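Now for the letters of each chain:
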Amino acid sequence: MTLAPRLGEIPLPVLTRRLREEGVRLRVAPFVVNIRSDVPVVAEGLMALYARHEVLPAAEDGFSDFHVAVLARRGSGRAKCVFQMDGFEPFTPLAINEAFAFFEWGLNWCVTSHCHRWITLHAAVLERDGRAVLLPAPPGSGKSTFCAALMMDGWRLLSDEMVLLDPQTLQVTPSSRPISLKNRSIDLMKTRAPEARFGPMAHDTLKGTVCHMAISDESLEKAQLPAAPAWVVFPRYQPGTGLSVVPRGKASALAELFSNCFNHQVHGRDGFRALVRLTEQVKTFDLAYDDLDGALGWMAAQVELP
């Protein structure tokens, strides 16, 4: 059997041309994504962060879950770019330097808006020794920074942005894509993980400066393996507070998970019951910290507990 080539095996000029002309079909488990773009930074970002992903034959030779494009929009004033899915433009154009981040954000929207075989939750999720931790948290809480630090500490990343939860088995399907870091977190993780790969920087976005960090080799190699949740931890970085861990009541944890669910209206009563079962079977905590190493140590200790 012939192995599919990896994206990193394609010279950057060839990749840039293919993205501009016919597009590239990329396996981004559990999906296949057909990508087009005439913005060079998109090719650079894909090469930096998806170099180890499989490139599949042209679209006419197989099915793609999503057909997306990030295209330059010419006109008066500052250069813009648009995100398209099947030719539809669901978002306002962004500055051209945000093109790769736009691809990542747009692909998140594709999954959460159209993939309803799962209950989709806004949370990071990682696995260690066969057990997964869900990390729901609002913007600015430090979720992605904590997620990246856990991955570099030996946890397998299933997703930085979304939990794909099977409503029957309560298993989480990996959707292992780059971690979105913002502002001070970028330099912090570049210092803590100098061997890691990082994508292009997008400055002056609505979220500040954004840069994506590649997933670990283990996370990609095991991207087909689901995991069973064992913990739901609500993390928050709070300078000057030390380490504080407080068990979260089940009712409060359920309400927070429900509020972080993208498609509860699709799953209705069955989806709510699945979240109830999930909350009943996991340990739930609020975690506040001002030092990543302390928080990582606490998480490592949880793995040792029965």
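Described below are features of the structure shown in this document. For clarity, every value in this text was computed on a predicted model and none was experimentally measured.

Leu7, Leu46, Tyr50, Phe66, Val68 and Phe103 are the most contacted members of the largest nonpolar core, which has 43 residues in total. If one sorts the elements of this core by residue count, helix H3 (residues 99–114) sits on top with nine residues. If we skip the residues at most four places from it in the chain, Phe66 touches Phe31, Val32, Val33, Asn34, Met85, Leu107, Cys110, Val111, His114 and Cys115. Of all hydrophobic cores here, the second largest spans 35 residues; its members include Leu135, Cys147, Cys211 and Met299.

All buried positions along helix H5 (residues 184–192) are accounted for by Ser185, Ile186 and Met189. Burial along H5 is one-sided: seen end-on, the buried residues are contained in an arc of 105°. Those residues of H5 that are exposed and aimed more than 90 degrees away from the buried face are Arg184, Asp187 and Thr191. Buried residues along H5 sit in contact with helix H4 (143–152), strand S13 (179–182) and strand S15 (208–213).

In space, the three strands of this open sheet follow the order S7-S11-S12, with antiparallel pairing throughout. Two strands in the sheet have a free side with no partner beyond their single neighbour: strand S7 (119–122) and strand S12 (172–173). The sheet contact formed by S7 and strand S11 (residues 162–165) spans four bridges and is antiparallel. Opposite His122, over in S11, you have Met162 as the bridge partner.

Further remarks concern the pattern of salt bridges. Counted according to the given criterion, the structure contains 13 salt bridges. A salt bridge links Lys143 to Asp160, with the nearest nitrogen and oxygen atoms 3.6 Å apart. A residue pair is termed long-range when its members are at least 10 positions apart, and Lys143 in helix H4 and Asp160 in the loop between strand S10 (156–159) and S11 qualify at 17 residues. What makes Lys143 buried here is its relative accessible area of 6%. Note on Asp160: relative accessible area 2%, which makes it buried. As a salt-bridge pair, Asp217 and Arg197 come within 3.8 Å of each other at their nearest N and O atoms.

Before going further, it helps to spend a moment on the packing of aromatic side chains. Two aromatic rings, taken as a pair, are described by how far apart their centres are and by the angle between their planes. This structure, assessed with the given rule, holds 13 aromatic pairs. A centroid spacing of 6.1 Å and a plane angle of 50° characterise the contact between Phe91 and Phe102, whose relative ring orientation is tilted. Here Phe91, found in the loop between strand S5 (80–85) and strand S6 (94–95), pairs with Phe102, found in helix H3; they are eleven residues apart in sequence, far enough to count as distant. Judged by its relative accessible area of 30%, Phe91 is partly exposed. Their ring planes at 80° and their centres at 5.5 Å tell us that Phe91 and Trp109 sit as a pair that is edge-to-face. Here Phe91, found in the loop between S5 and S6, pairs with Trp109, found in helix H3; they are 18 residues apart in sequence, far enough to count as distant.

To continue, consider the pairing of strand S1 (residues 24–28). In terms of residue burial, S1 counts as a mostly covered element, since four of its five residues are buried. Across five bridges, S1 lies against strand S2 (residues 31–37) in antiparallel orientation. Residue pairing across strands places Val28 opposite Phe31, the latter belonging to S2. Counted between consecutive antiparallel strands, the loop separating S1 from S2 contains two residues.

Attention shifts here to the sheet that holds strand S4 (residues 66–73). Spatial ordering of the open sheet is given by S3-S1-S2-S4-S5-S6, a layout of six strands whose pairing is mixed. Single-partner strands in this sheet number two, and they are strand S3 (55–56) and S6. Pairing geometry for S5 and S6, over two bridges, is antiparallel. Of the residues in S6, the one forming a bridge with Lys80 is Ala95. Where helix H1 (residues 12–21) meets the sheet, it contacts S1, S2 and S3, and its direction lies at approximately 90° from that of S2.

Another point: the pairing of S4. Within S4, six of the eight residues are buried, which leaves the element mostly enclosed by the surrounding structure. As paired elements, S2 and S4 share five bridges and run parallel to each other. Considered in S4, the bridge of Ser37 is made with Val70. Alignment of S4 against S5, held across six bridges, turns out to be antiparallel. Note on S5: the bridge partner recorded for Ala72 is Cys81.

To continue, consider helix H9 (residues 292–304). Helix length check: H9 (13 residues) gives 19 Å between terminal C-alpha atoms against 18 Å at 1.5 Å per residue, within 8%. Among all positions in H9, only Leu292, Ala295, Leu296, Trp298, Met299, Gln302 and Val303 are buried. Burial along H9 is one-sided: seen end-on, the buried residues are contained in an arc of 160°.

Cut-offs and rules
Residues numbered from 1 in each chain as written. Predicted model: local features only at pLDDT ≥ 70, side-chain atom pairs only at ≥ 80, totals over all residues. Heavy atoms only, no water. Core = buried A, V, L, I, M, F, W, Y, C linked by side-chain atoms within 4.5 Å. Buried < 20%, exposed > 50% of the residue type's maximum accessible area, 1.4 Å probe, protein only. Helix = DSSP H or I, 4+ residues; strand = E, 2+ residues; numbered from the N terminus. Contact = heavy atoms within 4.5 Å. Arc of directions from axis to C-beta. Pairing = 2+ DSSP bridges. Salt bridge = Lys/Arg side-chain N within 4 Å of Asp/Glu carboxyl O. Phe/Tyr/Trp six-rings, centres within 6.5 Å; stacked < 30°, edge-to-face > 60°. Axes fitted to C-alpha atoms, helices over the stretch in contact; angles between N-to-C directions. Expected span 1.5 Å × (residues − 1).

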